[in-house]
Amino acid sequence: DIGFEKEIWKAADKMRGNIDASEYKSVVLGLIFLKYISDKFEAKYQQLVAEGEGFEEDKDEYLSNKNEKGSYDPVFYVPAEARWEAIAIHAHSPEIGTIIDNAMRAIEKENKRLKDILPKNFARPELDKRRLGEVVDLFTNIRMHEHGDSKDILGRAYEYCLSKFAEAEGKLAGEFYTPACIVKTLVNVLQPYKGRVYDPCCGSGGMFVQSIKFIENHHGNKKEISIYGQEYTATTYKLAKMNLAIRGISANLGDVAADTFGKDQHPDLKADYIMANPPFNQKDWRAADELKDDPRWRGYDVPPTSNANYAWILNMVSKLSENGVAGFILANGALSGGGEEYKIRRKLIENDLVEAIVILPRSMFYTTDISVTLWILNKNKKSRTVQFPDETRNYRDRQNEILFLDLREKGIPFEKKFTQFSEDNIFEITQAYHNWQTDLSIYEDVPEFCYAAKINEVIAKDFSLEIGRAH
């Protein structure tokens, strides 16, 4: 905990005035983003000044920037009127909101990737301009050199503020935020290290950020990952674009915010890793006569209109590469639903796609207190060797087996009424899963924690994946 996150949140929260949290988050997160790109521009600007060749105002010098490793690392070009020092000198002017709005417009004009993405609502009357000036001062005084890389510091501040907004918005937060400890658990289980990563309902992009962190922590090369996503809500789509940009992550999130079912922006994608937290029990996701012949359902029954859970599953199954693996979160009802859900689940089990079912503790989400499950699907459960950046892993044949993990008694208290996984919890979960995948001589069933079931046991329970009924 670097401390800046809480300091930024505390200061920024004071200037809210009468603005609703759902609208206000673009103000706070937009300000963090503006500071980040200005800091990064300034570092490159000073480097060019020191070189003495007069290229410090040459836009191409920023677009063609390379980092210390020699990799292509473009810097957003920030015009003079939008640079942080030009904003900071007006921090205590009544016009500070208008100045920031104009800075956002100027940055968008110079950087096509940011067109129509940045917030421009700082001049609104409801926003306390005195408090806004104080936050600008706070940001001005954050010089990160003694605390580490500014990208990481501001990136963590962005992530922290996202979590605080999720807490403030409660049930409305599901569209943009999945608790960080769940995302980290999922990423450590799947271990995306190379290939195509996809999230069909990417929210603010947390799955992608954690994937890149995993690669960096394990000495991999983030250039070997290609990121694809889609997001329906326009404001959340913009949050994701900013969240990824502040981390220097390139991603294809489609041309616009759009419904994954009605306007699939990656119809031909075959992904190596899929991670998602779809809306729980989404109703009326299609009209009765729409999408009946959609190719994503090929080989399965058409998902019911009353609940989109299995539509999300089949969308992901259709996009898995031949060795692809998917991890996603669904409400527990999907484990044993009847009708078309039963038929689809049965076919998934018969096709040996289900690798693991992980029951999560209650009270992990700001959005709901219902019980939820992490599903892991795998297109290739056969024995094979995979070379990770820092190890070679020999997977054993896991055909016709499913691992059940019961985490309902795991976790530690968080913010009084919530539960989160500790680092020790995440290690324990990940180790049990990978031991089962690789070596039964070191894996062992543990009562009320993990159980390796044969598919015949699940079939005997009429294809229910409920953990209490599977063993």
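Counting from 1, residues in each chain are numbered in the order their sequence is written. For this predicted model, a pLDDT threshold of at least 70 governs which residues receive local features, and a threshold of 80 or more governs which side-chain atom pairs are given and counted, while totals over whole chains, interfaces and linings are taken from all residues. To obtain the side-chain values, all non-hydrogen atoms of the structure were included, while hydrogens and water were left out.

## Considering the overall build of the chain
Okay, so step 1: Check the secondary structure of the chain and you find 15 helices and twelve strands.
Okay, so step 2: In this treatment the radius of gyration is a C-alpha quantity, and the globule benchmark scales as 2.2 Å times the residue count to the 0.38 power. The C-alpha radius of gyration computed for the chain amounts to 23 Å, which stays within 12% of the reference 23 Å derived for 471 residues, consistent with globular compactness.
Okay, so step 3: Seen along its three principal axes, the alpha-carbon backbone of the chain occupies a region of about 70 × 45 × 45 Å.
Okay, so step 4: Exposure categories follow from relative accessible area, calculated using a 1.4 Å probe and restricted to protein chains: below 20% of the type maximum is buried, above 50% is exposed, and the middle band is partly exposed. When the 471 residues of the chain are sorted by exposure, 54% land in the buried category.
Okay, so step 5: By sequence separation, contacts in the chain at least 24 residues apart represent 71% of the contacts at least 6 residues apart. Runs of E in the DSSP output that reach at least two residues are strands. Runs of H or I that reach at least four are helices, and both are numbered from the N terminus. Contact definition: two residues touch when any of their heavy atoms are within 4.5 Å.

## Some details on helix H5 (residues 96-110)
Okay, so step 1: To estimate how far a helix should reach, multiply one less than its number of residues by 1.5 Å. Look at H5: 21 Å from first C-alpha to last across 15 residues, which is about the 21 Å you get at 1.5 Å a residue.
Okay, so step 2: Of all the residues in H5, the buried ones are Ile96, Gly97, Ile99, Ile100, Asp101, Ala103, Met104, Ala106, Ile107 and Glu108.

## Things to note about the sheet that holds strand S12 (residues 450-454)
Okay, so step 1: Here the rule is simple: two strands pair whenever DSSP picks up at least two bridges between them. The eight strands are arranged S2-S1-S3-S4-S6-S5-S9-S12 in an open sheet whose pairing can be described as mixed. Lying at the two open borders of the sheet, with one neighbouring strand each, are strand S2 (225-229) and S12. Adjacent strand axes in the sheet meet at a mean angle of 15°, parallel and antiparallel pairs treated alike.
Okay, so step 2: Pairing geometry for strand S4 (residues 320-331) and strand S6 (residues 372-378), over seven bridges, is antiparallel. Think of each axis as a best-fit line through the C-alpha atoms, taken over the contacting stretch in the case of a helix, with angles from 0 to 180 degrees between the N-to-C directions.

## Focus on the pairing of S2
Regular strands place their side chains on alternate faces of the sheet.
Okay, so step 1: Residue alternation in S2 divides its side chains into a buried set, Ile225, Ile227 and Gly229, and an unburied set, Ser226 and Tyr228.
Okay, so step 2: As judged from the five bridges shared by strand S1 (residues 195-199) and S2, these two strands associate in the parallel manner. Bridging from a neighbouring strand, Gly195 pairs with Ile225 of S2.
Okay, so step 3: With its strands directed away from the observer, a crossover is right-handed exactly when the path from the first strand over the helix to the second travels clockwise. Remark: the S1/helix H9 (residues 206-217)/S2 crossover connection has right-handed handedness.

## Here's the deal with the nonpolar core
Okay, so step 1: Ranked by size, the top nonpolar core spans 110 residues in total, and within it Ile32 and Ile100 carry the most contacts.
Okay, so step 2: The element best represented in this core is helix H2 (residues 21-51), accounting for 14 residues.
Okay, so step 3: Tyr198, Ala326, Val354 and Leu377 belong to the second-largest nonpolar core, a separate cluster that totals 42 residues. In these notes, a set of buried Ala, Val, Leu, Ile, Met, Phe, Trp, Tyr and Cys residues joined through side-chain atoms within 4.5 Å is what counts as a nonpolar core.

## Overview of empty space enclosed by the protein
Okay, so step 1: In the cavity and pocket records, a cavity denotes points on a 1 Å grid over the protein atoms alone where a 1.4 Å probe fits but cannot get out, a pocket denotes an open set with protein on both sides within 12 Å along at least 5 of 7 lines, and lining residues are residues with an atom within 4 Å of a point. Grid points are joined across faces, edges and corners, and a volume is the space filled by probe spheres set on the points. Going through the model one piece at a time under the given rule, you end up with two cavities of 30 Å³ or more.
Okay, so step 2: Those elements giving two or more residues to the lining of the largest cavity turn out to be helix H8 (180-190), strand S5 (354-359), S6 and helix H13 (423-438).

## Brief notes about the pairing of S4
Okay, so step 1: Taken across its twelve residues, S4 has ten buried, putting it largely inside the fold.
Okay, so step 2: Pairing geometry for strand S3 (residues 271-276) and S4, over five bridges, is parallel. Paired with Ala276 across the two strands is Phe328, which belongs to S4.
Okay, so step 3: Following the chain from S3 across helix H11 (residues 309-318) to the adjacent parallel S4, one finds a crossover that is right-handed.

## Examining the layout of surface pockets
Okay, so step 1: The computed volume of the second largest pocket comes to approximately 940 Å³.
Okay, so step 2: Lining the second largest pocket are 30 residues, with Glu159, Ala180, Cys181, Gln210 and Gln420 positioned closest to its centre.
Okay, so step 3: Those elements that provide at least two residues to the lining of the second largest pocket are helix H1 (4-13), helix H7 (150-169), H8, H9, strand S11 (418-420) and H13.
Okay, so step 4: Of the residues forming the lining of the second largest pocket, the biggest block, six residues, is contributed by H7.
Okay, so step 5: Of the residues assigned to the lining of the second largest pocket, the class counts are eleven nonpolar, eight polar and eleven charged. Three residue categories are used. Nonpolar comprises Ala, Val, Leu, Ile, Met, Phe, Trp, Tyr, Cys and Pro, charged comprises Asp, Glu, Lys and Arg, and polar comprises the others, including Gly.

## Structural notes on the confidence of the model for the chain
Okay, so step 1: pLDDT measures the predictor's confidence residue by residue and takes values from 0 up to 100. In the predicted model, the chain carries a mean pLDDT of 88, and the fraction of residues at 70 or more is 91%.
Okay, so step 2: Per-element averaging of pLDDT across the chain places helix H15 (residues 467-470) at the bottom with 58 and H11 at the top with 98.
Okay, so step 3: Between residues 144-148, whose pLDDT stays under 50, and residues either more than four places distant or in other chains, the model counts seven contacts.

## What to know about the environment of Trp297
Okay, so step 1: Tracing the chain through its elements places Trp297 in the loop between S3 and H11.
Okay, so step 2: When its relative accessible area of 2% is taken as the criterion, Trp297 is described as buried.
Okay, so step 3: Linking Trp297 and Ile313, residues 16 residues apart in sequence, is a C-alpha distance of 9.7 Å.
Okay, so step 4: Dropping the residues within four chain positions of it, Trp297 is found in contact with Phe261, Trp285, Leu291, Lys292, Val302, Pro303, Ala311, Leu314 and Asn315.

## Some thoughts on the packing of aromatic side chains
Okay, so step 1: Pairs were defined over the aromatic rings of Phe, Tyr and Trp, the Trp ring being its six-membered one, requiring ring centres within 6.5 Å. Orientation was assigned from the angle between planes: stacked under 30 degrees, edge-to-face over 60, tilted for the rest. For the structure shown, the criterion picks out 16 aromatic pairs.
Okay, so step 2: Plain terms: the ring middles of Phe261 and Trp285 are 4.8 Å apart, the flat faces sit at 55° to each other, and that makes the pair tilted. Within this pair, whereas Phe261 is found in the loop between helix H10 (234-246) and S3, its partner Trp285 is found in the loop between S3 and H11, the two being separated by 24 residues in sequence.
Okay, so step 3: Accessibility expressed as a relative area gives 8% for Trp285, which makes it buried.
Okay, so step 4: Ring centres of Phe261 and Trp312 lie 4.5 Å apart, and the angle between their planes is 55°; on these two criteria the pair is classed as tilted. Here Phe261, found in the loop between H10 and S3, pairs with Trp312, found in helix H11; they are 51 residues apart in sequence, far enough to count as distant.
Okay, so step 5: An aromatic cluster is defined as three or more aromatic residues linked by ring pairs; in this entry it consists of Phe41, Tyr45, Tyr62 and Tyr77.
Okay, so step 6: Two conditions define a charge located above a ring, namely a distance within 6 Å from the ring centre to NZ of Lys or CZ of Arg, and an angle within 35 degrees of the ring normal. Its end group placed over the ring of Phe388, Arg393 keeps NZ or CZ at 4.5 Å from the ring centre.

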